[in-house]
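A look at the structure
Listed here are the chains, written in short residue letters.
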Protein chains: 4
Amino acid sequence: MIKVTIAGFKGKMGSTAVNMVLKHAELELVSVLDPFAKETNLNELSGYEADVPVFRSKEEVLTTKPDVWIDFTIPSVAYENTSFAIEHRIAPVVGTTGFTEEQLAELKKRSGELKIGGLIAPNFAVGAVLMMQFAKKAAEYFPDVEIIELHHDNKLDAPSGTALKTAEMMAEVRDAKKQGHPEEEELIEGARGADFEGMKIHSVRLPGLIAHQQVQFGGIGEGLTIRHDSYDRSSFMTGVALACQKVVALDQLVYGLENLL
Amino acid sequence: MIKVTIAGFKGKMGSTAVNMVLKHAELELVSVLDPFAKETNLNELSGYEADVPVFRSKEEVLTTKPDVWIDFTIPSVAYENTSFAIEHRIAPVVGTTGFTEEQLAELKKRSGELKIGGLIAPNFAVGAVLMMQFAKKAAEYFPDVEIIELHHDNKLDAPSGTALKTAEMMAEVRDAKKQGHPEEEELIEGARGADFEGMKIHSVRLPGLIAHQQVQFGGIGEGLTIRHDSYDRSSFMTGVALACQKVVALDQLVYGLENLL
Amino acid sequence: MIKVTIAGFKGKMGSTAVNMVLKHAELELVSVLDPFAKETNLNELSGYEADVPVFRSKEEVLTTKPDVWIDFTIPSVAYENTSFAIEHRIAPVVGTTGFTEEQLAELKKRSGELKIGGLIAPNFAVGAVLMMQFAKKAAEYFPDVEIIELHHDNKLDAPSGTALKTAEMMAEVRDAKKQGHPEEEELIEGARGADFEGMKIHSVRLPGLIAHQQVQFGGIGEGLTIRHDSYDRSSFMTGVALACQKVVALDQLVYGLENLL
Amino acid sequence: MIKVTIAGFKGKMGSTAVNMVLKHAELELVSVLDPFAKETNLNELSGYEADVPVFRSKEEVLTTKPDVWIDFTIPSVAYENTSFAIEHRIAPVVGTTGFTEEQLAELKKRSGELKIGGLIAPNFAVGAVLMMQFAKKAAEYFPDVEIIELHHDNKLDAPSGTALKTAEMMAEVRDAKKQGHPEEEELIEGARGADFEGMKIHSVRLPGLIAHQQVQFGGIGEGLTIRHDSYDRSSFMTGVALACQKVVALDQLVYGLENLL
């Protein structure tokens, strides 16, 4: 059993993490941390029955001897928490974003010196990370590729960040190539989508949709399609659980879930 | 059994029609017509075993008493052929395009006077016509809709003619509505596709693909998608067979396969 | 504006209906009904700001003069409520299931005498009803069809009720036909799915999925696919809203949302 | 430029290979081989303009100094051809199936001694091989997976060989797990598909379809889908071209295209 503490356990991500750890057969929730908590035990909060101490200070957490420190706090707190965890030989698993390059470098260096594993990741969706890895691999063999990303109609930006990151990753291995017929013509502007080094990206926005992406490759007489569907915030928890199990075997902090897959 | 003759039987469409009629349990091929044919029987041509007379003049065709006249000739010939068929009480099924409005009006009028059914259709793909009909029906209830059409990368124009026709049909019943978030922003131009009265159309072009279209509707908490895949020219033959069976019961020529579905 | 009252407004469906009516531009919520409610106004309940009277008796509801009576109560109450609404010339829109054949017949008869419209429907998902209607229509032309239905892995029965209903509807218009190659062989039992009059049904169960169904037709050289995705209970509300707007123009109660589409 | 000879150039696969090599910018067709050919040059055959010698004996082929020996002959000939190529320091790329374990072992051993690369592959579709590799990788993280394979309705066996191979590859890395709800019930036998170590396989057979496979993973709140569509025999040529370019850099014959990806 891996002993886990969770900082920021009252937020959306943190409370989802609490539920995940409580249900997970190989993880044990030994404590949770929130500097403003009024409760002293998780079972005082509605919806929880587990007997888990709630602490307001980092030092108290040490008494419960966690192996892993899950952190879904705010940027101003997360760096300090992560440093604290490393110094006390607790492997951090951090979903808070907003670390500076210098902070990341310092945390990697220090964790390496102490041989403590850890992970800071902007995205814990295992499926999304695999989709991007597979797309990069396939782009080595199929230079003709288009991305169709589909989201709910409250999304403001198009293409999505994931689509752009996928295109960047494919561009690293793909020979630059303008796709489609050289003389193709748009009867209505925009029909052929956004152009990213010759790859086309199409952004669909419809009510009902959540977050979906399809990377579609074409070759002579064949097609290869990789699709990720995200239905719910809880999708991130597969990655958090995986990280808890893997960081304890690492000897340095890494950035990005792809390093654990 | 419905007796069928085929004009233009040596062309791509015509020869596919010959094969379809020969195999069809309820159709009988009684003759074929080509003014430049050197053969006098179909079985002189490689690939055919059936004993079917080949004629070079329209008048000879009458001796085989067809019920239906399939016509896949060229525009300059098709009007004359269609008129001839109607006058001789043979129901025409015509896939040749390029009739003028006046020609269509005249053929409809004359067929009505003689109570002869018939069909002229630019598209015989039953699946494609059903897709458009279903899309029009769904657009009454779901004003949020995007079209994704996917074709081989030798196609020059985007969006495809079928996509534009589908959008036009939906626009007839759909309240004009600008889709997506009112403040949405394209980080790369074209990401949100072509705009047709607020509906978005995305054109994918990849090697390997043939001709595909997906009409995707979104509503609160749900999605409805209608997709047609055309893999092969032979797809048109389902519609030609259906037309042969239906025109004999009509009492006037109609334009568009949708009138028979 | 159509004036609406909602019986059973505290349940899952009822409270979703309250939110829908409050947001809808053409519907006005004039009262809500629950025999055990302790509140006298909706704004006493957390999450609501609207000033809407809460009643404990049907008779009080009449004082707010509703045009439509939405009912998401329990079977033992719903029949009495629906009768009451009809007698007082309020058009019922009822999502409660469990009416007997006799009750339905009586309600239809009485509503017809009074020229009051109404709807009782086991399923308010417009997209699902359209999918079934389209599938039935397509089955007239494409006898080769398979259903793939995909649900979360907590679902106990396979195939789903919707899949069976879809197959039944297609069987009404489709010539019975054993699909696949006559000599096809299952190397592992069950590969070819469940057989329903020659049509095959495949049930996929995976975590993450919600409720999805794909009806896939094949013809010579082409394919036609109709897919419905249900992401959320709120999907039913499109149908409830539509029903409120349509029943006021009917002169008899009908059973099944398909009668309004 | 890599010099290529093709044995079995008149067969379906062989003639497709001839066309591919003739068009490929980095491959040069120096000769073709068929023991029963009556022509002495490819340009005597209709459809070819290229000036390429046609040989009837293996020894003559050596005069054209090929780097790569493509072999799409019959099993009884392919082993001898492959041995001959290796002995003469020509890298074989062999699509003929039916080698025995002993023959494969012998060819690997001898090619290793001579430091000659080569490939024998039952399947040259790059997209299909990538699909299987990606599925295996994803199965490490998502134990819940179902395969839907879709083929034309002339296919006799279900599931397809590719589906079974994919399932075997996933079983190597996936913890055995019975999927779906433990108490799930089939209302019609076969609904939940074929069972392969707890994974479900569904075989769809419809006219119009060619050869398609979808591997669908489900996790908490997310889904990952990998799909391959094979539209045409020519799809194999991407793999043959790739093999010609890669085998010249190998120092031993390998079995299976996956070793080159």
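So, how was this worked out
- Residues numbered from 1 in each chain as written.
- Chains lettered and ligands numbered in written order.
- Predicted model: local features only at pLDDT ≥ 70, side-chain atom pairs only at ≥ 80, totals over all residues.
- Heavy atoms only, no water.
- UniProt positions renumbered as here; feature names shortened; annotations may be inferred.
- Buried < 20%, exposed > 50% of the residue type's maximum accessible area, 1.4 Å probe, protein only.
- Helix = DSSP H or I, 4+ residues; strand = E, 2+ residues; numbered from the N terminus.
- Pairing = 2+ DSSP bridges.
- Right-handed = clockwise from strand over helix to strand, strands pointing away.
- Axes fitted to C-alpha atoms, helices over the stretch in contact; angles between N-to-C directions.
- Least-squares fit on C-alpha atoms with pLDDT ≥ 70 in both.
- Contact = heavy atoms within 4.5 Å.
- Buried area = accessible area lost by both parts, 1.4 Å probe.
- Salt bridge = Lys/Arg side-chain N within 4 Å of Asp/Glu carboxyl O.
- Polar contact = N/O pair within 3.5 Å; in protein donor to acceptor, adjacent residues only side chain to side chain.
- Nonpolar A, V, L, I, M, F, W, Y, C, P; charged D, E, K, R; others polar.
- Core = buried A, V, L, I, M, F, W, Y, C linked by side-chain atoms within 4.5 Å.
- Expected span 1.5 Å × (residues − 1).
- Domains from an automatic or database assignment.

Identification of chain A as 4-hydroxy-tetrahydrodipicolinate reductase from Enterococcus larvae is taken from an unreviewed UniProt entry. As its UniProt record puts it under Pathway (unreviewed entry), chain A is described as follows: "Amino-acid biosynthesis; L-lysine biosynthesis via DAP pathway; (S)-tetrahydrodipicolinate from L-aspartate: step 4/4."

On to the pairing of strand S1 (residues 2–7) of chain C. All names here are of chain C. By the criterion of burial, S1 is predominantly enclosed, with 5 of the 6 residues buried. Where S1 meets strand S2 (residues 27–33), 6 bridges bridge the pair, whose relative direction is parallel. Bridged to Val4 within S2 is Leu29. After leaving S1, the chain enters helix H1 (residues 12–23) and then returns to the sheet as S2, a path that is right-handed. Bridging between S1 and strand S4 (residues 68–71) involves 4 bridges; their strand directions are parallel.

Let us look at the pairing of strand S13 (residues 222–230) of chain B. Judged by how many residues are buried, S13 of chain B sits mostly within the fold: 8 of 9 residues are covered. Bridge count for strand S12 (residues 211–219) of chain B against S13 of chain B is 9 bridges, and the pairing is antiparallel. The residue of S13 of chain B that forms the bridge with Ala211 of chain B is Ser230 of chain B. Between S12 of chain B and S13 of chain B, which pair antiparallel one after the other, the connecting turn spans 2 residues, and Gly221 of chain B there sits at a positive phi close to 70°. In this structure, S13 of chain B lies alongside strand S13 (residues 222–230) of chain C, joined through 9 bridges in antiparallel fashion. Bridge pairing in S13 of chain C places Arg227 of chain B opposite Thr225 of chain C.

This part takes up the sheet that holds strand S10 (residues 194–196) of chain B. Within the open sheet, the 10 strands sit side by side as S10(B)-S11(B)-S7(B)-S12(B)-S13(B)-S13(C)-S12(C)-S7(C)-S11(C)-S10(C). Their pairing is mixed. The strands lining the two open edges of the sheet, one partner per strand, are S10 of chain B together with strand S10 (194–196) of chain C. Sheet twist, expressed as the average angle between the axes of neighbouring strands with direction ignored, equals 20°.

The next thing to look at is the relation of the copies chain A and chain B. For these two chain copies, the linking operation is a rotation about an axis paired with a shift along it. Aligned on chain B, chain A shows an RMSD of 0.1 Å; the corresponding rotation is 180° and the shift along the axis is 0.0 Å. In symmetry terms, the pair is related by a two-fold rotation axis. Relative to the rotation axis, the C-alpha of Gly190 of chain A is the closest in chain A, positioned 2.1 Å from it. Most of the interface of chain A is mirrored in chain B, where 100% of its interface residues again form contacts.

On to the interface of chain B and chain C. With 32 residues of chain B in contact, the opposing surface of chain C contributes 32 residues. Together chain B and chain C conceal approximately 2,500 Å² of surface at their shared face, both sides included; 63% is due to carbon and sulfur atoms. Considering only the surface of chain B that becomes buried against chain C, Phe134, Tyr141 and Glu222 of chain B emerge as the three largest contributors, covering 26% of it. The tally of links between chain B and chain C comes to 0 salt bridges. The tally of links from chain B across to chain C stands at 12 residue pairs in polar contact (both at pLDDT 80 or more). Of the residues that constitute the side of chain B that touches chain C, the class distribution is 16 nonpolar, 10 polar and 6 charged.

Here we come to the nonpolar core. The biggest cluster of nonpolar side chains holds 138 residues, and the ones touching the most others in it are Ile6, Ile70 and Phe217 of chain A together with Ile6, Ile70 and Phe217 of chain D. If we skip the residues at most four places from it in the chain, Phe217 of chain A touches Ala135, Ala138, Ala139, Phe142, Asp144, Val145, Met170, Glu222, Gly223, Leu224 and Ile226 of chain A together with Leu206 of chain B. Within the second largest apolar cluster, 127 residues are counted, among which are Val4, Tyr141 and Ala171 of chain B together with Ala121 of chain C.

Turning our eyes to something else, we now look at helix H5 (residues 126–139) of chain B. If you check H5 of chain B, its first and last C-alpha atoms are 20 Å apart, about what 14 residues at 1.5 Å a residue would give, namely 20 Å. Taking burial as the measure, the 14 residues of H5 of chain B include 11 buried ones, the bulk of the element. Looking at H5 of chain B, one finds that the buried residues are Val126, Gly127, Ala128, Val129, Leu130, Met131, Met132, Phe134, Ala135, Ala138 and Ala139 of chain B. Here the buried face of H5 of chain B lies against helix H6 (161–173), S12, S13 and helix H7 (237–247) of chain B together with helix H5 (126–139) and S13 of chain C.

Superposing chain B onto chain C requires a rotation of 180° together with a translation of 0.0 Å along the rotation axis, leaving an RMSD of 0.1 Å. Take the interface residues of chain B: 100% of them recur as interface residues in chain C, which is what a same-surface contact looks like.

What follows is about the environment of Met131 of chain B. Structurally, the position occupied by Met131 of chain B is in helix H5. A residue is classified by how much of its surface remains accessible, and Met131 of chain B, at 1% relative accessible area, is buried. In the structure, Met131 of chain B is positioned 18 residues away from Glu149 of chain B in sequence and 12 Å away in space, judged by C-alpha atoms. Discounting chain neighbours no more than four positions away, the residues touching Met131 of chain B are Thr162, Gln213, Val215, Ile226, Arg227 and His228 of chain B together with Leu224 of chain C.

What follows deals with the interface of chain A and chain B. Each partner contributes to the interface: chain A provides 45 residues, whereas chain B provides 45 residues. Summed over the three residues of chain A that lose the most area to chain B, namely Leu156, Ile188 and Leu206 of chain A, the buried surface amounts to 16% of that side. Seen at the junction of chain A and chain B, the total is 17 residue pairs in polar contact (both at pLDDT 80 or more). Mapped onto the side of chain A that touches chain B, the elements with two or more residues apiece are strand S7 (145–151), strand S8 (157–158), strand S9 (185–186), strand S10 (194–196), strand S11 (199–205) and strand S12 (211–219) of chain A. Here the side of chain A that touches chain B takes 5 residues from S11 of chain A, the largest share from any one element. Class assignment of the residues belonging to the side of chain A that touches chain B gives a composition of 18 nonpolar, 13 polar and 14 charged.

Time to look at the sheet that holds strand S2 (residues 27–33) of chain B. All names here are of chain B. With parallel pairing, 7 strands are arranged side by side in an open sheet as S3-S2-S1-S4-S5-S6-S14. Whereas interior strands pair on both sides, the edge strands pair on one side only; in this sheet they are strand S3 (54–55) and strand S14 (253–255). In terms of strand pairing, S2 meets S3 through 2 bridges, oriented parallel. Bridge pairing links Val32 to Val54 in S3. Running at roughly 150° to S2, helix H1 (residues 12–23) makes contact with strand S1 (2–7), S2 and strand S4 (68–71) of the sheet. The sheet contacts of H7 involve S1, S2, S4, strand S5 (91–94) and strand S6 (118–120), and relative to S5 the element is tilted by about 160°.

Looking now at the domain arrangement of chain A. Residue and element names in this part refer to chain A. Domain boundaries in chain A define domain 1 (2–120 + 234–260) and domain 2 (126–230). Contacts between domain 1 and domain 2 engage 6 residues on the former and 5 residues on the latter. Summed over both partners, the interface of domain 1 with domain 2 buries about 410 Å², with 61% contributed by carbon and sulfur atoms. Of all residues in domain 1, Ser235, Leu257 and Glu258 bury the most surface against domain 2, accounting for 77% of the area lost on that side. Along the contact surface separating domain 1 from domain 2 lie 0 salt bridges. Our count for the contact surface shared by domain 1 and domain 2 stands at 0 residue pairs in polar contact (both at pLDDT 80 or more). Partitioned by chemical class, the residues of the side of domain 1 that touches domain 2 number 2 nonpolar, 3 polar and 1 charged.

The next thing to look at is the UniProt feature "binding site: (S)-2,3,4,5-tetrahydrodipicolinate" (unreviewed entry) in chain A. Residue and element names in this part refer to chain A. The feature "binding site: (S)-2,3,4,5-tetrahydrodipicolinate" (unreviewed entry), as annotated in UniProt, sits at His152, Gly161 and Thr162 in this numbering. Residue placement: His152 occurs in the loop between S7 and S8. His152 gets classed as partly exposed once you look at its relative accessible area, which sits at 29%. Leaving out residues up to four positions away in the same chain, His152 has contacts with Arg205, Leu206, Leu209 and Ile210. Tracing the sequence through the fold places Thr162 in helix H6 (residues 161–173). What makes Thr162 partly exposed here is its relative accessible area of 31%.

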